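In case you want the letters, here they are:
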Amino acid sequence: MTAGQKNVARAEGNGPSLTREQFMTAFHEMLLIRRFEEKAGQLYGMGLIGGFCHLYIGQEAVVVGIQMTLKDGDKLITSYRDHGQMLAAGMTPRGVMAELTGRATGYSHGKGGSMHMFSREKNFYGGHGIVGAQVALGIGLAFANKYRGTDEVSVAYFGDGAANQGQVYESFNLAALHKLPCLFIVENNLYGMGTSVERASASHEFWRNGEPWGIPGRRVDGMDIAAVHEAAAEAVAHCRAGKGPYLLEMMTYRYRGHSMSDPAKYRKREEVDEVRKTRDPIEHVRQILLDAGVDADTLRKMEDEIKTTVNDSAEFAQSSPEPDPAELYTDVLLEA
């Protein structure tokens, strides 16, 4: 077993089981993200997606498990590995794929691309390309929630590569000082770009990084949807109750490179294959459903419907117009 596999295995997990209906929902949402990301990878290879493109394949249980604990009005913000969060928040595959391909029908009208699209309607505040910068913005969203007197929470996602950034610790301090309802999520996929977390961080327990400010934390098996849901429900309840921020370290794993331009030669193929074989979050839920008596044909029908939805999003994107050059400064420059 490699160091990476040991890290995944060490995570706290096996929380209370979800209902059969919840597992069905989780299976659908995770599979939609997986198939969407696979299609995005294909379009990138065809030259239809430009710039950077960071895929979420392997990490689906994290965002789906957390999203299942949230309610309308809760705010989301994340890094550049953001397509999964968009889809889990209810943004349409058509709108997301159109933005990835730079079309006018995309969520940022073709000007944001993979890393910088937003949806005020779904309370999704980006995709951000600057490592760790979204965390400070996340506590700003939490401050707005508290200022308005709501019980809404802000969820700020960041990766292990951002966990030691200075602005993250500044955000911890302010969130604790003002008891802001912010749920910090470290998605520890074991590799920050091309460097393993063991080589890049003196701390290997990111869930404890909030302790100097009194922020409670927990390490969770991010490949187990039930464990993610159970931990997130506890953390969200803590934030809603006015007790301040909470930090969850999700031990997860990305199957692809850091971005589409990364061949991921810094890890052995056997390591990735072993995690896929023994820890895949989607196959784990599939087996739970089969064991619970769900017919295999029912799951295959769901997979076929998802495939149709994803193919439709790709066709919609490719047939949509590119932004008119006259729109270059729209939503960018305001003359007051």
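Let us look at the structure shown here. Quick caveat: nothing in here was measured; it's all calculated off a predicted structure.

### Topic: the state of the cysteines
Enumeration according to the criterion identifies zero disulfides in this entry. With no disulfide of its own, cysteine 182 lies 7.1 Å from the sulfur of cysteine 239, the closest cysteine sulfur.

### Quick notes on the pairing of strand β3 (residues 182-188)
The side chains of a regular strand alternate between the sheet's two faces. The element β3 is extensively covered by neighbouring structure, given that seven of its seven residues are classed as buried. What you see with β3 is no split at all: Cys182, Phe184, Val186 and Asn188 on one side and Leu183, Ile185 and Glu187 on the other are buried throughout. Judged from the six bridges that link them, strand β2 (residues 154-159) and β3 form a sheet pairing that is parallel. Within β3, the position partnered with valine 155 by the bridge is leucine 183. Read from β2 through helix α7 (residues 166-177) to β3, the crossover connection turns out right-handed. Examined bridge by bridge, β3 and strand β7 (residues 246-251) share six bridges and lie parallel to one another. Within β7, the residue paired with isoleucine 185 across the bridge is leucine 248.

### Digging into the pattern of salt bridges
Enumeration over the complete set of coordinates arrives at 18 salt bridges. Taking the shortest distance from any N to any O, the salt bridge between glutamate 152 and lysine 75 comes out at 2.9 Å. With glutamate 152 in the loop between α6 (133-147) and β2 and lysine 75 in strand β1 (residues 75-77), the pair connects residues that are 77 residues apart, well separated along the chain. For lysine 75, a relative accessible area of 7% corresponds to the buried category.

### Remarks on the sheet that holds β7
The strand order across the open sheet formed by five strands is β1-β2-β3-β7-β6, and the pairing between neighbours is parallel. If you trace the sheet from one side to the other, it starts and ends with β1 and β6 (217-221), each paired once. Between one strand and the next, the sheet's axes are offset by a mean angle of 20 degrees, whatever the strand orientation. The sheet contact formed by β1 and β2 spans three bridges and is parallel. Along β2, the bridge assignment pairs leucine 76 with valine 155. Sitting on the sheet, α6 is in contact with β1, β2 and β3, with an inclination near 170 degrees to β2.

### Regarding the environment of asparagine 188
With respect to the helices, strands and loops of the structure, asparagine 188 is situated in strand β3. Residue class for asparagine 188 comes out buried when judged on its relative accessible area of 3%. Here the side chain of asparagine 188 touches leucine 190 through a polar contact of 3.0 Å, landing on its backbone nitrogen.

### Brief notes about the packing of aromatic side chains
Tallied over the full model, the rule gives seven aromatic pairs. Summarising the aromatic geometry, the rings of phenylalanine 172 and phenylalanine 184 are spaced 4.9 Å apart at their centres and angled 70 degrees between planes, so their arrangement reads as edge-to-face. One end of the pair, phenylalanine 172, is in helix α7; the other, phenylalanine 184, is in strand β3, and twelve residues separate them in sequence. Residues phenylalanine 172 and phenylalanine 184 agree in their burial class; the two are buried. Linked through ring pairs, Tyr169, Phe172, Phe184 and Trp213 together constitute an aromatic cluster. One Lys or Arg, arginine 267, reaches over the ring of tyrosine 191 and ends 5.5 Å from the middle of that ring.

The rules behind the values
Residues numbered from 1 in each chain as written. Predicted model: local features only at pLDDT ≥ 70, side-chain atom pairs only at ≥ 80, totals over all residues. Heavy atoms only, no water. Disulfide = S-S within 2.5 Å. Buried < 20%, exposed > 50% of the residue type's maximum accessible area, 1.4 Å probe, protein only. Helix = DSSP H or I, 4+ residues; strand = E, 2+ residues; numbered from the N terminus. Pairing = 2+ DSSP bridges. Right-handed = clockwise from strand over helix to strand, strands pointing away. Salt bridge = Lys/Arg side-chain N within 4 Å of Asp/Glu carboxyl O. Axes fitted to C-alpha atoms, helices over the stretch in contact; angles between N-to-C directions. Contact = heavy atoms within 4.5 Å. Polar contact = N/O pair within 3.5 Å; in protein donor to acceptor, adjacent residues only side chain to side chain. Phe/Tyr/Trp six-rings, centres within 6.5 Å; stacked < 30°, edge-to-face > 60°. Lys NZ or Arg CZ within 6 Å of the ring centre and 35° of its normal.

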